[in-house]
Amino acid sequence: MAKFTLFRLARFLRSIFVPTASFIIFACLLTYTFVLYQPTPGPGSIQRLGWQAWDVVKDNVGQGLALGTSTDASEAPSVGVPEGVDWWNVTTPSDTVDTASLPLDVWDPLMQHDTGLSEIHITECVVDPWFVPSIAADLCYPPTTKEQDALKGKWVRVERNLKLQQSIKSLNVFYRRTRRHDIPLVTEIRILPDKESPSPFSIAWKKVAHPINPSGERRYLWYKADQTWRDMTDAERRNNIVTEIDVLFGQDDPWYGFEKVNRATFDGTTRFEPVWLTYRRGIKPPPRAPPLHFSHDGKFKIMQIADLHYSVSVGSCRDTDITPCTASDNLTNTLLGRMLDAEKPDLVVFTGDQLNGQGTSWDPWSVLSKFAKTVTARQIPWAAVFGNHDDENGASREAQIRYMQGLPYSLVEPGPKDIHGVGNYVHKVWSADPSKTHLLTLYFLDSGAYYTGVFDWFGFHPTEYDYIRQNQIDWFLQESSSIDAVERPFTPDGAKDMGDIWARQADDQVLPGSRRLAKPNALMFFHIPMAESYAAADVDPSTGRILDVGIHDLETPGSSKRQDGFFEKGLLQALESDHRAGGRATEVKVVANGHCHLTENCRRVKGVWLCFGGGGSYSGYGKVGFDRRFRVYDISDYGETIRTYKRTEHDEILDKMILAGRGAPSL
C-alpha cells in the first residue's frame, strides 16, 4: 500500500513539474525585466553620435549651456512681475539648448556649439563640392581613417568657397570637431605669409600645408591646439575654445559673435573683394528683442527704412550731389545712425530690397551681416519684408529668413509654408500696464518679386512685378478674424492707484469719451505697392481737400499689372468692428510700401492710407535734389492716434499729418 501511495505521489509531482517550473521561470524573467534590470545609458547618452569614441567621456562636465532667454514678441509673457518692475523686463525661462545633441558633422554657423575643433585643413578642388555633393567626399575631402574619425571627429566642410568670386575651382576650409576630453582643441588661429611663423612659437602651433589665399600673395593658416578639454578651466572653455569658422567677403564687420582672423586671406583688388576668415569662440547667442510694447504714456514709434540696396562691396553712390561720394553702403549706415539717434524709434521696419541683387550681392551672407548693424548696435527691435531684388543672387528667401533670425533683436519670422511667399507674419504691440492689453497690430507680407519674365542665354529677365496672392488674402482675413476686440479708447489698468503717472498726457491726446469694443488699429508693411496706390484719392468731406500728401509722379507706377484683389477682398473686408454701430472703419489704417524710391506720398483711398517710404539709401537709384528720407509712424493715445512724417538727410521734417484718431480727416 505504501508503495502504491509513493508511486501515485511521484506521478503527481511529475505531472505538475513542467507547468510549475514554467511558471516560476516566467515569473523570474518578468521580475528581472521590469524590476531588477536597470539599463546603463553609457557615454552614448552624452555623445549622441555613434562615430565618436566612447572613452574619456564624463557625465559631470556639463558641456550643455543655456543659450540665454528669449521671448516671442507677438505674445506677452505671463510670468509674475515683481513690484516696481516693468513686465517686459522680466525674463522668462527658455529651453536650455542641449549642445550635446547638436550634430558634429554639419557646418552651420548659427548652431551654438560649445564643442571645440581638433584639426583644420584646406583643400582645393577642381569643381566646387556644392555642385557635386555625391562625389565631393571622394574627390575634395581631406584624407582620413576610421581611427582618426573616432579620435578627432569627421571632416566638416565650411561651405564657403574662398575662390567664389575668382574661379570655378573651390578652396574650402575643413575642420574636425570632437567631444573627447583627451584631444587638444584649437584656441588660436592666424594667417601668415609664406616662411613666417607665429610669435611666440611653440610646438602646439600647426601649419596647414595648403595655402589659404585664393590668389595673390601666398599665405598659410596656422592654428594652436595645446590644451585638452579636461585640462581647461570653465572660463577657458567658455572664452578660449574656437567653436566655429566662417568666411566673410568684403570689408564690413563679420557675423554676430564672430571675429576676423589677424589678416585677410586675400586683400582684394579693384575687381575682387577682400576675403576674410572669421571664427567664434564659445557660445555667443544673439540677444533677443523684448515684446513690443507702448510706453507708459501710450506712445510707440516706428521708423520705416526702404530700399537699402546693399552689396558685398562697400557700394557705389547713385544720383546724389555729395562729392566725393564713395562707399555708399557705409555712408548710408552713417546716415541711418544719425536718423535713429534723432528719432529713437521703438521698432524699425525694413520694407524690402535690403540686398541690391543685380549681380552685386552675390554672397548674401556677407550682405545680411551688415544691413541691420546700425539698428542692432542701438538695441532696437526690427522686422523686415522682402523686395523684388533680395533673392536675385545667391541664397533663397527661406535661407535669408533663417539668417536674419540669427541677428540680434530680430523679429523676422518665416510665416506659414502653405501660402505664397516667405515672411508673412503678425506682431502685436502691448500696453505697458500690468493688463498687457493688445493695442496695435502689425502685419508683414511678402509681395514677391516677379510673376513673369523671359529666359535667354544670359538668364532670367523679369517683365512684370509680383503681387499679393489669393492664399495670402485668405491668410490675412483669418489672422484678422482671430484678433479679439478691446475696449477703446484704452485706459491703463490701475490708473487710480498710481497717482498722476497716467494722467500726465499731452494736450492733444484722446480723452475717455464714448467707449466701444473694436479691434486695435493695424498697420501693414510690404514692398511692391498695389494698383490702388495710384487710384483717385479720397476727399476730406469737411474741407474738400484731396487726401494725397507728398511727392509722386516722378517715376512710373511700381505696382503689378496683375492683381488678385487684395485691396477690395482683403483690406476693405477686415473691419475693426462687426457691430453695425462701428460703421465701415477698416482694421488696417495704413499700408506702408517701399519699391519706388522717388515716391513718398500718403494717399487715402476708400478710408485706407497707402503710404510710400521714399528712398533712404545712397546705394539705390534716386534723383539729384531729391533728398534721401525715412518715414516715421508716431503712434500715441495707446494706439488710437497715428501720425506720420518724413525726416530727410538734412534733418528736415516734411508733411506732418494725422492718419487716424482725433484730428484725422473724417471718413
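Everything that follows concerns the structure shown earlier in this document.
Residues numbered from 1 in each chain as written. Predicted model: local features only at pLDDT ≥ 70, side-chain atom pairs only at ≥ 80, totals over all residues. Heavy atoms only, no water.

## A short note on the overall build of the protein
Okay, step 1: The number of helices and strands found in the protein is 11 helices and 26 strands.
Okay, step 2: By the burial criterion, 51% of the 667 residues in the protein qualify as buried.
Okay, step 3: Excluding contacts between residues fewer than 6 apart, the proportion of contacts in the protein whose partners are at least 24 apart in sequence is 72%. (Helix = DSSP H or I, 4+ residues; strand = E, 2+ residues; numbered from the N terminus. Buried < 20%, exposed > 50% of the residue type's maximum accessible area, 1.4 Å probe, protein only. Contact = heavy atoms within 4.5 Å.)

## Considering the packing of aromatic side chains
Okay, step 1: Here the structure, examined in full by the defined rule, presents 20 aromatic pairs.
Okay, step 2: An angle of 15 degrees between the planes, with centres 5.5 Å apart, marks the rings of Phe444 and Phe525 as stacked. In this pair, Phe444 sits in strand S14 (residues 438-444) while Phe525 sits in strand S19 (residues 521-525), placing the two residues 81 residues apart along the sequence.
Okay, step 3: On the basis of relative accessibility, which here comes to 0%, the residue Phe525 falls in the buried class.
Okay, step 4: With 5.6 Å between their ring centres and 65 degrees between their planes, Phe490 and Tyr638 make a pair best called edge-to-face. You can see Phe490 sitting in the loop between strand S17 (486-488) and strand S18 (516-518) and its partner Tyr638 sitting in the loop between strand S24 (629-636) and strand S25 (641-648), a full 148 residues away along the chain. (Phe/Tyr/Trp six-rings, centres within 6.5 Å; stacked < 30°, edge-to-face > 60°.)

## Some points on the state of the cysteines
Okay, step 1: Taken as a whole, this structure holds 3 disulfides when the rule is applied.
Okay, step 2: The disulfide that involves Cys125 links it to Cys140, with 1.9 Å between the sulfurs. The sign of the S-S torsion, about -40 degrees, decides the handedness of the disulfide formed by Cys125 and Cys140: left-handed. Here Cys125 is found in strand S1 (residues 117-125), whereas its partner Cys140 is found in the loop between helix H3 (133-139) and helix H4 (146-152), with 15 residues between them in sequence. (Disulfide = S-S within 2.5 Å.)

## With respect to a nonpolar patch on the surface
Okay, step 1: On the surface, a cluster of nonpolar side chains totalling about 290 Å² of accessible area is made up of Phe26, Leu29 and Leu30.
Okay, step 2: Within the secondary structure, Leu29 sits in helix H1 (residues 2-36). (Patch = residues over 30% accessible without salt bridge, like charges linked within 9 Å, V, L, I, M, F, W, Y side chains within 5 Å. Areas by Shrake-Rupley, 256 points an atom, 1.4 Å probe, with all protein chains shown as cover. Salt bridge = Lys/Arg side-chain N within 4 Å of Asp/Glu carboxyl O.)

## Focus on the side chain of Arg604
Okay, step 1: Along the chain, Arg604 turns up in strand S22 (residues 602-605).
Okay, step 2: Here the side chain of Arg604 touches Pro665 through a polar contact of 3.1 Å, landing on its backbone oxygen.
Okay, step 3: Polar side-chain contacts of Arg604 include one of 3.1 Å to the backbone oxygen of Ser666. (Polar contact = N/O pair within 3.5 Å; in protein donor to acceptor, adjacent residues only side chain to side chain.)

## Observations concerning the nonpolar core
Okay, step 1: Counting 95 residues, the largest nonpolar core has Ile189, Leu277, Phe350, Phe371, Trp382 and Leu442 as the members making the most contacts within it.
Okay, step 2: Other than its neighbours up to four places away in sequence, Leu442 contacts Leu292, Ile302, Leu347, Tyr425, Val426, His427, Val429, Leu523 and Phe525.
Okay, step 3: Counting residues in each nonpolar core, the second largest holds 23 residues, with Ile483, Ala522, Met524 and Leu572 among its members. (Core = buried A, V, L, I, M, F, W, Y, C linked by side-chain atoms within 4.5 Å.)

## Some words on the pairing of strand S6 (residues 219-227)
Okay, step 1: Counting buried residues in S6 gives 7 out of 9 residues, a clear majority hidden from the surface.
Okay, step 2: With 8 bridges connecting them, strand S4 (residues 185-193) and S6 associate as antiparallel partners. The residue of S6 that forms the bridge with Leu192 is Tyr220. (Pairing = 2+ DSSP bridges.)

## Here's the deal with the sheet that holds S6
Okay, step 1: An order of S4-S6-S5 is seen for the 3 strands of this open sheet, with the pairing classed as antiparallel. The strands lining the two open edges of the sheet, one partner per strand, are S4 and strand S5 (205-207). On average, each strand axis in the sheet is inclined to that of its neighbour by 30 degrees, with strand direction left out of account.
Okay, step 2: Bridge count between S5 and S6: 3 bridges; the pairing is antiparallel. Paired with Lys207 across the strands is Trp222, a residue of S6. (Axes fitted to C-alpha atoms, helices over the stretch in contact; angles between N-to-C directions.)

## Some remarks on the sheet that holds strand S3 (residues 170-177)
Strand pairing in a sheet relies on backbone hydrogen bonds. The paired strands run either parallel or antiparallel.
Okay, step 1: Here 3 strands make up an open sheet; going across it, the order is S1-S3-S2 and the pairing antiparallel. For this open sheet the edge positions go to S1 and strand S2 (155-157), each flanked by a neighbour on one side alone. When the angles between neighbouring strand axes are averaged without regard to direction, this sheet yields 30 degrees.
Okay, step 2: Bridge analysis of S1 against S3 gives 8 bridges, and the strand direction is antiparallel. Each bridged residue has a counterpart across the sheet, and for Ile122 the counterpart in S3 is Val173.

## Some points on helix H10 (residues 470-481)
Okay, step 1: Relative to the 16 Å expected for 12 residues at 1.5 Å per residue, H10 spans 17 Å between its end C-alpha atoms, a close match to the ideal helical length.
Okay, step 2: Taken together, the buried positions of H10 are occupied by Gln472, Ile473, Trp475, Phe476 and Ser480. Taken around the axis of H10, the buried residues stretch over an arc of 160 degrees, which confines them to a single face. What points out from H10, more than 90 degrees from its buried face, is the exposed set Gln478 and Ser481.
Okay, step 3: Looking at the buried residues of H10, the elements they touch are strand S13 (425-430), S14, S19, helix H11 (566-571) and strand S21 (588-593). (Expected span 1.5 Å × (residues − 1). Arc of directions from axis to C-beta.)

## Notes on the pattern of salt bridges
Okay, step 1: Using the criterion set out here, one finds 41 salt bridges in the structure.
Okay, step 2: Between Arg177 and Glu244 there is a salt bridge; the shortest N-O distance is 3.3 Å. With Arg177 in strand S3 and Glu244 in strand S7 (residues 242-249), the pair connects residues that are 67 residues apart, well separated along the chain.
Okay, step 3: The class of Arg177 is buried, set by a relative accessible area of 0%.
Okay, step 4: For Arg488, the salt bridge identified is with Glu576, shortest N-O distance 3.3 Å. Linking Arg488 in strand S17 with Glu576 in the loop between H11 and S21, this pair joins segments that are 88 residues apart in sequence.
Okay, step 5: Among the residues examined, Glu576 registers a relative accessible area of 6% and is labelled buried.

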